[in-house]
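Inside the fold
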Amino acid sequence: QVQLVESGGGLVQAGGSLRLSCAASGRTFSSLVMGWFRQAPGKEREFVARITRSGSRTYYADFVKGRFTISRENTKNTVFLQMNSLKPEDTAVYSCAADPSGSGSSYNYWGQGTQVTVSS
C-alpha cells in the first residue's frame, strides 16, 4: 500500500505561481513512477506530468509544457509540481498518483487531491 497526501493548493491570480507537494509513505518511494493529474468541474481527469523513478526523465501534457515542472526528492519521499504562469483554465483539483510498475500508465495509488483556483 502507498499513501499519498497532497498540499500546496490555493487561490492565485492569473499569471501567478503555486508549488504543489505530494508526500508518500508505505513503500520505497524510489520504486515508484509518480504522476500529477487534474480534474476540473464537469470534465474528466487528465494527465499533467510524470517523472521516472530516479527523476532523470519527465513528461508533460502539451498544455503545461514550459509552465509546469515536476520534480522529486527521493530522500524526502516527496514529488513536487511547480506551476508558473497560471491561467484560469488551470483551475482544477490536482492529484498525485503512484505507479509501482514503472510503466508510467498503471497508477494504482491516488491522493485525495488539492484544489487549485486561478482567478482572472
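Located above this text is the structure these notes cover.
Calculation criteria
- Residues numbered from 1 in each chain as written.
- Predicted model: local features only at pLDDT ≥ 70, side-chain atom pairs only at ≥ 80, totals over all residues.
- Heavy atoms only, no water.
- Helix = DSSP H or I, 4+ residues; strand = E, 2+ residues; numbered from the N terminus.
- Rg over C-alpha atoms; globule rule 2.2 N^0.38 Å.
- Buried < 20%, exposed > 50% of the residue type's maximum accessible area, 1.4 Å probe, protein only.
- Contact = heavy atoms within 4.5 Å.
- Pairing = 2+ DSSP bridges.
- Axes fitted to C-alpha atoms, helices over the stretch in contact; angles between N-to-C directions.

**A closer look at the overall build of the chain**
A tally of helices and strands in the chain yields zero helices and 11 strands. Starting at the N terminus and ending at the C terminus, the chain contains elements arranged as β-β-β-β-β-β-β-β-β-β-β. Its C-alpha atoms give the chain a radius of gyration of 13 Å, within 12% of the compact-globule value 14 Å for 120 residues. The principal-axis extents of the C-alpha atoms in the chain amount to approximately 40 × 25 × 25 Å. Residues counted as buried form 42% of the 120 residues belonging to the chain. If you take every contact in the chain between residues at least 6 apart in sequence, the share linking residues at least 24 apart comes to 54%.

**Thoughts on the sheet that holds strand 3 (residues 18-25)**
The strand order across the open sheet built from four strands is 1-3-8-7, with neighbouring strands paired in antiparallel fashion. Looking at the sheet topology across the chains shown, the edges are occupied by strand 1 (3-7) and strand 7 (68-73). If you compare each strand with its neighbour and ignore which way they point, the axes differ by 15° on average. In the sheet, strand 1 pairs with strand 3 via five bridges, with the strands oriented antiparallel. If you follow Glu-6 over to strand 3, its bridge partner there is Cys-22.

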